[in-house]
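# Analysis of the macromolecular model
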Amino acid sequence: MARIDQTPFEAVITDLTHDGRGVARRPDPRHPEGGGKAVFVAGALPGERVMAVQTRRHRSFDEARTETVLEAAPERVAPRCPHFGTCGGCALQHYAEDRQILAKQRVLAENLERIGHVAPARWLPPLTDAAWGYRRKGRLSVRRVEKKDKTLVGFRETDPRFVADLRECHTVIPRIGERLEALSALVDGLEARRDIPQIEFIAGDAAVALTFRHLSPLGEADRAALVAFAKAHDFAIFLQPGGVDSVHPLYPDEVSLSFHLQDWDIELKFRPLDFIQVNAGLNRKMIHHAFELLEPGADERVLDLFAGLGNFTLPLARRVREVVGVEGEAGLVQRARENAAHNGLGNARFFAADLARDLSAEPWMREGFDKLLLDPPRSGADFVLSVLPLKQFKRIVYVSCHPASLARDAGFLVNEKGWKLQAAGVMDMFPHTAHVESIALFEPG
């Protein structure tokens, strides 16, 4: 393969990709009238003129990084984090916060049009919350680097083959983001430092838990060092020697992880590797937002698909006659049932079911439902929507973490099933990243 020409070239940025890179056309002497090959330039914003250096070549586009900004866009701001541009955790710190969310709305609109061939009757105002120190759940990569004579603990670099050498992180909750160097020193001092590939963190209202994945048994000295670190920094430490079911506490012997949804007098308990929404403030706003669209009635029966721990289901139980939460992961279903009992909610029932198969024989389907709320993973909900008896629902509210799958499913509901996409909007669950969280309201045609 021919070597990439790393001679800097001038690029005029006309757009932004879905992952936050600038879009340009590299001048082609064979086509002096214009055009040229598309190039995606990391660190560049629409309206800018930059000097860029090519980093990768593909058949239909090239990749590059910004070397120098010749003419800056008015929306460019100084990144807050010193690691921005190297660490792959963020893509948009150089873009003004109010413009980031508008860019995400444009991504959603383009996906709805291009993939779903639909457009909402109205756009919902973007939903935002705190943009810094918000991330309460995540996975830190760990790698011992002999050339640096240190162990790195952080997110992957923009080149995912490498772990970023981080001193701090401003999007993660400060209890974690300010202790990355301490975590690095801790792991570097362990005998098993080469056998710890990752550390997962998760925060409740009172406790913060770290789960250390280790590929070999930990000796007594290593265990003692972890306990001492936990005591010094007020962390709960869990160990994971194998799969998810192998997770167990190291210190303290018992720890209660939970967060409150105060507006509904709900406490949700969870385990260290459970899925929770990463942004606590945005999560509260999102629940309110979803309910405003769903308009749940006191005499209604609501179906909540991909229910998880009951993040939507249990607050809904305060508003309706009955709500049924369905989730594919049996462990989450068990925790959701425990959460319903813990909060005294007898009208919230949870069932484990494979949402990629026909549900018509499930006993909880027989009574029928008035409304549907769903919050699927990135793969979306195309199969379950294709097998549900949709005519029973008065409204569908769809919470999405991936605009392309929402667009595909919206196209199915609108173009094949005759529903109307009444409203759609974006929610900034992950500020400074290119991740797009969105919500859509569908009504019968």
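Residues numbered from 1 in each chain as written. Predicted model: local features only at pLDDT ≥ 70, side-chain atom pairs only at ≥ 80, totals over all residues. Heavy atoms only, no water.

For clarity, the cut-off: UniProt positions are given in the numbering used here, feature names are shortened, and annotations may be inferred rather than shown by experiment.
If you look the protein chain up in an unreviewed UniProt entry, it shows as 23S rRNA (uracil(1939)-C(5))-methyltransferase RlmD from Marilutibacter spongiae. Per UniProt, the protein chain has the following entry under Catalytic activity (unreviewed entry): "uridine(1939) in 23S rRNA + S-adenosyl-L-methionine = 5-methyluridine(1939) in 23S rRNA + S-adenosyl-L-homocysteine + H(+)".

### Side note on the packing of helix α3 (residues 180–188) against helix α4 (residues 220–233)
So the rule is basically this: Axis definition: a line fitted to C-alpha atoms, limited for helices to the stretch in contact. Angles are taken between N-to-C directions and run from 0 to 180 degrees. Each helix is a run of DSSP H or I of at least 4 residues and each strand a run of E of at least 2, with the numbering of both proceeding from the N terminus. By the definition adopted for this analysis, an angle is roughly parallel if under 35 degrees, roughly antiparallel if over 145, roughly perpendicular if from 65 to 115, and oblique otherwise. In this scheme, a crossing is called left-handed if the near helix is turned counterclockwise away from the far one by less than a right angle; it is called right-handed if the turn is clockwise. We call two residues contacting when some pair of their heavy atoms lies within 4.5 Å. Residues are sorted three ways: Asp, Glu, Lys and Arg are charged, Ala, Val, Leu, Ile, Met, Phe, Trp, Tyr, Cys and Pro are nonpolar, and all the rest, Gly among them, are polar.
The geometry of α3 relative to α4 is characterised by a closest axis approach of 10 Å and an angle of 160° between their N-to-C directions. For the element pair α3 / α4, the angle class is roughly antiparallel. Of the two possible hands of crossing, α3 and α4 adopt the one that is right-handed. Contacts between α3 and α4 involve A182, L183 and L186 from the former and A225, L226, F229 and H233 from the latter. Looking at side-chain class alone, the contact of α3 with α4 contains 6 nonpolar, 1 polar and no charged residues.

### A short note on the pairing of strand β8 (residues 137–145)
The condition is simple: Buried residues are those whose accessible area, probed at 1.4 Å on protein chains only, stays under 20% of the maximum for their type, while exposed residues exceed 50% and partly exposed ones sit between those limits. A pair of strands is considered paired only if DSSP assigns at least 2 bridges between the two.
β8 sits mainly inside the fold: 7 of its 9 residues count as buried. Looking at chain direction, β8 and strand β10 (residues 198–203) are connected through 5 bridges and run antiparallel. Paired with K137 across the strands is I202, a residue of β10. Where β8 and strand β9 (residues 150–154) come together, 5 bridges link them in antiparallel fashion. The residue of β9 that forms the bridge with S141 is G154.

### What about the sheet that holds strand β22 (residues 437–443)?
A sheet is described by the order of its strands in space; here 8 strands give the open sequence β7-β21-β22-β20-β19-β16-β17-β18, paired in mixed fashion. A single partner strand is all that each edge strand has here, and the edge strands are β7 (122–123) and β18 (348–352). Across 7 bridges, the pairing between strand β21 (residues 420–427) and β22 is antiparallel. By the bridge assignment, A423 is partnered in β22 with L441. Sitting on the sheet, helix α7 (residues 330–342) touches β17 (322–327) and β18, and the angle it makes with β18 is about 165°. Contacts from helix α9 (residues 403–416) reach β20 (395–400), β21 and β22, with the element oriented near 160° to β20.

### Let's talk about the environment of A121
Within the element layout of this structure, A121 appears in the loop between α1 (97–116) and β7. You can call A121 exposed: its relative accessible area is 62%. The spacing of A121 and V69 is 52 residues in sequence and 39 Å in space, taken between C-alpha atoms. Residues within four places of A121 in sequence aside, it is in contact with L421 and Q422.

### Some words on unusual backbone geometry
Cis geometry is found at the peptide bond from Y251 to P252, where omega equals -15°. Topologically, P252 is positioned in the loop between β13 (248–251) and β14 (257–261). Positive phi outside glycine occurs at D265, with the angle close to 55°. Inspection of the secondary structure puts D265 in the loop between β14 and β15 (266–270). The phi dihedral of E295 falls on the positive side, at around 50°, and the residue is not glycine.

### Concerning the packing of aromatic side chains
How we decide: Working definition: a ring pair exists when centres of Phe, Tyr or Trp rings (six-membered ring for Trp) sit within 6.5 Å. Plane angles under 30 degrees give stacked, over 60 give edge-to-face, the rest tilted. By definition here, charges over rings are those cases where NZ of Lys or CZ of Arg is within 6 Å of the ring centre and within 35 degrees of the ring normal.
Tallied over the full model, the rule gives 5 aromatic pairs. A cation over an aromatic ring shows up here: R26 above the ring of F9, its NZ or CZ 3.8 Å from the ring centre.

### Here we look at the UniProt feature "active site" (unreviewed entry) in the protein chain
When the UniProt feature table is mapped to this numbering, "active site" (unreviewed entry) covers C401. Tracing the backbone through its elements, the reader meets C401 in the loop between β20 and α9. Ignoring any residue separated from it by four or fewer positions in sequence, one finds C401 in contact with P376, P377, R378, H435, V436 and E437.

### Observations concerning the side chain of D222
Condition: We treat Lys and Arg as the positive residues and Asp and Glu as the negative residues; His and chain ends play no part in the count. Whenever Lys or Arg places a side-chain nitrogen within 4 Å of a carboxyl oxygen from Asp or Glu, that contact is recorded as a salt bridge.
Residue position: D222 is located in helix α4. One buried charged residue, D222, remains without a salt bridge, the closest side chain of opposite sign being R193 at 9.2 Å. Those residues in contact with D222, other than ones at most four positions away along the chain, are L190, E191 and A192.

### Let's talk about α4
This is how the line gets drawn: Here a helix's expected span is defined as the number of its residues, less one, multiplied by 1.5 Å. Directions from the helix axis toward the C-beta atoms define the arc.
Taking 1.5 Å of rise per residue, 14 residues should cover 20 Å, and α4 covers 20 Å from first to last C-alpha, within 8% of that figure. Taken residue by residue, α4 has D222, L226, V227, F229 and A230 as its buried positions. One face of α4 carries all of its buried residues, which in axial projection span an arc of 160°. Among the exposed residues of α4, those pointing more than 90 degrees away from its buried face are E220, K231 and A232. On its buried face, α4 is in contact with α3, β11 (208–213), β12 (236–240) and β13. Within two residues after α4, D234 carries a phi angle of roughly 60°, on the positive side.

### Regarding the packing of α1 against α9
Running from N to C, α1 and α9 cross one another at 50°; their axes reach a closest spacing of 8 Å. The orientation of α1 relative to α9 falls into the category oblique. With respect to the hand of their crossing, α1 and α9 are arranged in right-handed fashion. Listed contacts from α9 to V107, L108, N111, L112, I115 and G116 of α1 are P403, A404, L406, A407, R408, A410, G411 and N415. Of the residues that constitute the contact of α1 with α9, the class distribution is 9 nonpolar, 4 polar and 1 charged.

### Some thoughts on the domain arrangement of the protein chain
As a measure of interface size, the accessible area lost when the parts come together is often cited. So the rule is basically this: In this entry, domain limits derive from an automatic or database-based domain assignment.
In terms of domains, the protein chain is made up of domain 1 (8–76), domain 2 (101–130 + 275–444) and domain 3 (137–251). Using C-alpha coordinates to define each centre, domain 1 is positioned 37 Å away from domain 3.

### Observations regarding the pattern of salt bridges
Within the structure shown, the criterion is met by 33 salt bridges. In this structure, D15 and R106 form a salt bridge, with 3.2 Å as the shortest nitrogen-oxygen distance. Note that D15 is positioned in strand β2 (residues 15–16) and R106 in helix α1, a separation of 91 residues in sequence. Its relative accessible area of 31% is what places R106 among the partly exposed residues.

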